[in-house]
Amino acid sequence: MSREQKLRNLILDRYTSLRSFSMEAGIPYSSLMTLLSRGIGGASFDMVILICRKLEIDPMQL
């Protein structure tokens, strides 16, 4: 399973949708979708840390 798929599954396990997660985390929905479709490797470090904090996971788990 890719890092992006793992992240998508973690979000959907805890939230009703990707959009609701992005709203609660204060992340633009379009940015979240870009990150999930193009890969975490191209995302800013701050964005990945923000997502991990909201999901209460260690970034190294990804």
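Residues numbered from 1 in each chain as written. Predicted model: local features only at pLDDT ≥ 70, side-chain atom pairs only at ≥ 80, totals over all residues. Heavy atoms only, no water.

1. Brief notes about the overall build of the chain
Consideration 1: Scanning the chain for helices and strands turns up four helices and zero strands.
Consideration 2: From first element to last, N terminus to C terminus, the chain shows the α and β order α-α-α-α.
Consideration 3: A compact globule built from 62 residues would reach a C-alpha radius of gyration of about 11 Å, and the chain, at 10 Å, matches this within 12%.
Consideration 4: The dimensions of the chain, computed from C-alpha atoms along their principal axes, are 25 × 20 × 20 Å. (Helix = DSSP H or I, 4+ residues; strand = E, 2+ residues; numbered from the N terminus. Rg over C-alpha atoms; globule rule 2.2 N^0.38 Å.)

2. Re the environment of Leu-36
Consideration 1: Relative to the assigned elements, Leu-36 resides in helix α3 (residues 29–38).
Consideration 2: Classification of Leu-36 by relative accessible area gives buried; the value is 6%.
Consideration 3: As for Leu-36 and Cys-52, which are separated by 16 residues in sequence, their C-alpha atoms are 14 Å apart.
Consideration 4: If we ignore the near neighbours within four places in the chain, the residues touching Leu-36 are Glu-4, Leu-7, Arg-8 and Leu-18. (Buried < 20%, exposed > 50% of the residue type's maximum accessible area, 1.4 Å probe, protein only. Contact = heavy atoms within 4.5 Å.)

3. A look at the confidence of the model for the chain
Consideration 1: Across the chain, pLDDT averages 91, with 100% of residues at or above 70.
Consideration 2: Within the chain, helix α4 (residues 45–55) has the poorest average pLDDT of any element, 90, and helix α2 (residues 18–25) the best, 96. (pLDDT = per-residue confidence, 0-100.)

4. What about the packing of aromatic side chains?
Consideration 1: Taken as a whole and judged by the stated rule, the model has one aromatic pair.
Consideration 2: Ring geometry for Tyr-15 against Phe-21: centres 5.1 Å apart, planes inclined by 65 degrees, an arrangement best described as edge-to-face.
Consideration 3: We note Arg-19 situated over the ring of Tyr-29; from NZ or CZ to the ring centre the distance is 3.9 Å. (Phe/Tyr/Trp six-rings, centres within 6.5 Å; stacked < 30°, edge-to-face > 60°. Lys NZ or Arg CZ within 6 Å of the ring centre and 35° of its normal.)

5. Notes on α2
Consideration 1: Buried within α2 are the following residues: Leu-18, Ser-20, Phe-21, Ser-22 and Ala-25.
Consideration 2: Among the structural elements, α1 (3–14), α3 and α4 are those in contact with the buried residues of α2.

6. So, the pattern of salt bridges
Consideration 1: The final tally for this structure, using the stated rule, is one salt bridge.
Consideration 2: A salt bridge links Lys-54 to Glu-24; its shortest N-O distance comes to 3.7 Å. Taken as a pair, Lys-54 in helix α4 and Glu-24 in helix α2 lie far apart in primary sequence, 30 residues in all. (Salt bridge = Lys/Arg side-chain N within 4 Å of Asp/Glu carboxyl O.)

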